[in-house]
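# Remarks on the overall topology
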Amino acid sequence: IVVTELNKNLKTKVEVTQIDLAFWGSFPKLSVDFNHVFIQDSTSKASEHDTLLFAEKIRFEFNPVDLWEENYNVNSIKISDGTFKMKVDKNGGNNYDILRENNDSTAATPFDVNLESVHFENFGYAYINDVTSQTYQTFIHEMDLEGSFNSSVFTTKAKANIQIVKAQSGEVSLVKNQPAVLNIKVNVNKDSNSVSIPESTIFISELPFVFSGEVNDNGFDFQLNGKNINIKDAANKLAIKELENVHQLEGQGVLKFNVHFYKKGDPLKPLS
């Protein structure tokens, strides 16, 4: 039922090699494990080797009573050992526009998603944009998202321990192969089609940065600020070429780091 529902609502096919039923590993919940899940990217020229998402295991957790009554309400999802690759080509086309428009609001299905938590483990994420010449690659050791995801307005908490493989804009490389820890809140408003992140402190290679931002129908706006960071620490831990000469200098100093990246006037697709 789950695979059928996904394929009805996606432009690209979901492939699952094996499905297992597990109980003791998620007690008192009952779980259905999807093994070797593959979703091909949505571009017209994509082949079976062009991956949007792959996961060794995606675990859907249910209330056993709901399953007995044939009401398949997913409470939480755990995704492990996989990768998610988002790409934007030079013409502005992307590989992740996979949702079909569903105008049939009367269609009944026993499958529903009432998510309260999502957990990622050993999961790679990449975003490559050829239009803006931006590349971001991370490896998620562990990340937890908690919130009432089915509400029209909700706040989710995100805690993560990740490795930033690459963060590059144009020819400027900001971070390369450095650990990061974040604990942030994300405010989602489906009614106004917006997402905002209040000021939160994230640690990149143990250096503190203040991060905030917003995405809405008019575009996006993010800021990353670092204040009074020891300049030698920054030279050793960040990948900014201009800091390479610091190793040759004597003395002390601090780095004030301010990155503001935004894009206006480009309507986004609905968050739902």
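Above this note sits the structure.
The structure contained in this document is the topic of the report that follows. (Residues numbered from 1 in each chain as written. Predicted model: local features only at pLDDT ≥ 70, side-chain atom pairs only at ≥ 80, totals over all residues. Heavy atoms only, no water.)

So, about the overall build of the protein. Broken down by element type, the protein carries 3 helices and 12 strands. Expressed as a percentage of its 272 residues, the buried residues of the protein come to 37%. As displayed, the protein has an accessible area near 16,500 Å², and 50% of this comes from carbon and sulfur atoms. (Helix = DSSP H or I, 4+ residues; strand = E, 2+ residues; numbered from the N terminus. Buried < 20%, exposed > 50% of the residue type's maximum accessible area, 1.4 Å probe, protein only. Areas by Shrake-Rupley, 256 points an atom, 1.4 Å probe, with all protein chains shown as cover.)

Turning our eyes to something else, we now look at the packing of aromatic side chains. Working definition: an aromatic ring pair is given by the centre-to-centre distance plus the angle between the planes. Applying the stated criterion across every chain yields a total of 4 aromatic pairs. A ring pair is formed by F120 and F123, whose centres lie 5.3 Å apart and whose planes are at 55°; its orientation type is tilted. An identical accessibility class is assigned to F120 and F123; each is buried. Centre to centre, the rings of F211 and F222 are 5.8 Å apart; their planes meet at 10°, and the pair counts as stacked. One end of the pair, F211, is in strand β10 (residues 207-216); the other, F222, is in strand β11 (residues 219-230), and 11 residues separate them in sequence. In this structure F211 comes out as buried when scored by relative accessible area, which is 17%. Its relative accessible area of 16% is what places F222 among the buried residues. (Phe/Tyr/Trp six-rings, centres within 6.5 Å; stacked < 30°, edge-to-face > 60°.)

Further remarks concern the pattern of salt bridges. This model, assessed by the stated rule, comprises 3 salt bridges. Notably, a salt bridge pairs R59 with D33, separated by 2.7 Å at the nearest N-O pair. With a gap of 26 residues between them, R59 in strand β3 (residues 51-62) and D33 in strand β2 (residues 30-40) connect regions that are remote in the sequence. This pair shows no difference in class: R59 is buried, exactly as D33 is. E61 is the partner of K78 in a salt bridge, and the nearest nitrogen-oxygen pair spans 3.5 Å. Residue K78 is found in strand β4 (residues 72-88), and its partner E61 is found in strand β3; the two are separated by 17 residues along the sequence. (Salt bridge = Lys/Arg side-chain N within 4 Å of Asp/Glu carboxyl O.)

In this structure, I58, F60, F120 and F209 are the most contacted members of the largest nonpolar core, which totals 51 residues. Discounting residues that sit within four places of it in the chain, F120 has contacts with I79, I140, H141, E142, M143 and L145. (Core = buried A, V, L, I, M, F, W, Y, C linked by side-chain atoms within 4.5 Å. Contact = heavy atoms within 4.5 Å.)

Below, the discussion takes up a negative patch on the surface. There is a patch of like negative charges on the surface, built from E56, D81, E121, E142, D144 and E146. Inspection of the secondary structure puts E146 in strand β6 (residues 134-146). Taking the relative accessible area as the measure of exposure, E146 reaches 47% and is therefore partly exposed. (Patch = residues over 30% accessible without salt bridge, like charges linked within 9 Å, V, L, I, M, F, W, Y side chains within 5 Å. Lys, Arg positive; Asp, Glu negative; His and termini not counted. Charge placed at Lys NZ, Arg CZ, Asp CG, Glu CD.)

Let us now look at the side chain of N129. By the element assignment, N129 lies in strand β5 (residues 111-129). One polar contact links the side chain of N129 to the main-chain amide nitrogen of T132, over a distance of 3.1 Å. When neighbours within four sequence positions are excluded, N129 is seen to be in contact with V88 and Q134. (Polar contact = N/O pair within 3.5 Å; in protein donor to acceptor, adjacent residues only side chain to side chain.)

We now examine the pairing of β11. Pairing between β10 and β11: 7 bridges, direction antiparallel. Of the residues in β11, the one forming a bridge with V210 is N225. In textbook terms, the turn of a hairpin is the stretch between consecutive antiparallel strands, and for β10 and β11 this stretch comprises 2 residues. (Pairing = 2+ DSSP bridges.)

For the rest of this paragraph, the subject is the side chain of D33. Judged by relative accessible area, which is 5%, D33 ranks as buried. At a separation of 2.7 Å, a polar atom in the side chain of D33 contacts the side chain of R59. When neighbours within four sequence positions are excluded, D33 is seen to be in contact with Q18, I19, D20, A22, K57, I58 and R59.

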